[in-house]
Amino acid sequence: MLLKATVIVNLLIFSVSGSEYLPSEADSEDSNADGNDEELDANEQNNETANGDVPETDDGPNGETETCTGNDDDGNEWDDIKSTVRQFPYTDNEGFAIRRTMMLEFSQYLENYLWPNNYVTGLASHEHMMSIVVMLNEKFRERVPAWEAFKKRPENFPGFFQQMLEACLGVASLREKTALIVFLNHAFNSMEVELIREQVKRLVSLSMWVSLQEGRREQELKKAPKWRKFWMKINKRDSPETKQKLEWERKFLHRLMLNFIDTLEAIPSKGEVSGETIQYCERFLELMIDLEALLPTRRFFNTVLDDCHLVVRCYLAALPHRDDGNLFAQVSLCTLCHLVLQSNIKMYSNCLF
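Computed from a prediction, not measured in an experiment: that's the story for all the values here.

**Description of helix 18 (residues 295-307)**
Right, on to step 1. Helix length check: helix 18 (13 residues) gives 19 Å between terminal C-alpha atoms against 18 Å at 1.5 Å per residue, within 8%.
Right, on to step 2. The largest bend along helix 18 measures about 45 degrees and falls at phenylalanine 301.
Right, on to step 3. Considered for burial, the residues of helix 18 that qualify are Thr297, Phe300, Phe301, Asn302, Thr303, Val304, Leu305 and Asp307.
Right, on to step 4. Backbone geometry just downstream of helix 18 places histidine 309 in the positive-phi region, at approximately 55 degrees.

**Here's the deal with the packing of aromatic side chains**
Right, on to step 1. Applying the stated criterion to the full structure yields 21 aromatic pairs.
Right, on to step 2. With a centroid separation of 5.8 Å and 50 degrees between ring planes, the pair formed by tryptophan 147 and phenylalanine 150 is classed as tilted.
Right, on to step 3. Classification of phenylalanine 150 by relative accessible area gives buried; the value is 0%.
Right, on to step 4. Centre to centre, the rings of phenylalanine 157 and phenylalanine 160 are 5.9 Å apart; their planes meet at 45 degrees, and the pair counts as tilted. Residue phenylalanine 157 and its partner phenylalanine 160 are located together in helix 10 (residues 157-168), separated by three residues, close to a single helical turn.
Right, on to step 5. By relative accessible area, phenylalanine 157 is classed as buried at 0%.
Right, on to step 6. Feature note: the residues Trp115, Tyr119, Phe140, Trp147, Phe150, Phe157, Phe160, Phe161 and Phe183 constitute an aromatic cluster, connected by ring pairs.

What counts, and where the lines are drawn
- Residues numbered from 1 in each chain as written.
- Predicted model: local features only at pLDDT ≥ 70, side-chain atom pairs only at ≥ 80, totals over all residues.
- Heavy atoms only, no water.
- Helix = DSSP H or I, 4+ residues; strand = E, 2+ residues; numbered from the N terminus.
- Expected span 1.5 Å × (residues − 1).
- Bend = angle between axes of the 7 residues up to and from the residue.
- Buried < 20%, exposed > 50% of the residue type's maximum accessible area, 1.4 Å probe, protein only.
- Phe/Tyr/Trp six-rings, centres within 6.5 Å; stacked < 30°, edge-to-face > 60°.

Right, here's the structure in full:
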């Protein structure tokens, strides 16, 4: 009861002043000291540091060294959070720490520390980027405004979004990829926000048909002659300096689906499968469902999805036939199949009439 009361008091203090987060390790040692000499020496050393006699150095989220003294109250107010950015959002065996995430969201970790003063395009670490991703996912889970911090400082958002896209196709773990997929899903569902729309519209425009096979692309362009005119303009507009970056963006979703198929087909029909793998597959199908359900995204994405034979390969995989793949098969896969068929019917009817 005393511990619970202490936590509640600290939360109230933070909500009022905005300068305290959680009891520091030094405070915890002081409260639990049992009189032994080593702890007393440690406490004396901490007291000397707090009086400004010895400067402390701490590595920031981007690897730089930050120096602060105990005389400056603002210098120590984020000590716990600075140490958290190197550990959050990871735990040893439980995936993402839900309680820690909720606590940091309550403390406005994203608005006060991660984004406004510390994220710099090209310098931010992978852990820093993942912390932002997880905190924004938590905001959506709690149904609170999620993009306000990015609107106040939008100049670094394109670099952050590009780093996030590269991590989706990189060597990140399945736990990280699942969080990235959820973030990407939130971004596609927030196209009413201009800042987000400017980043995601390039991934689902007509130019993404560059990933189609040549014969399939010609077949689709014959059905809609006006799209052929736009296709010719896109090819002429590309400059040699930006062509490589544009090609990477246009093929992003296609490569993302191929990576998913590799993970899905690696699941055996019998034997143990990690929960992270199953959750990643389920979250990925949720992203595909939303892309098919949204009118601004499905127009050109539906053709790329069909060209990858994603639905067929999902049905032929082992996961839908496993006992732990019921949610994947009965809900996600069936919904995606229904949306694909519905989109194809509408597309072909528009071409005929």
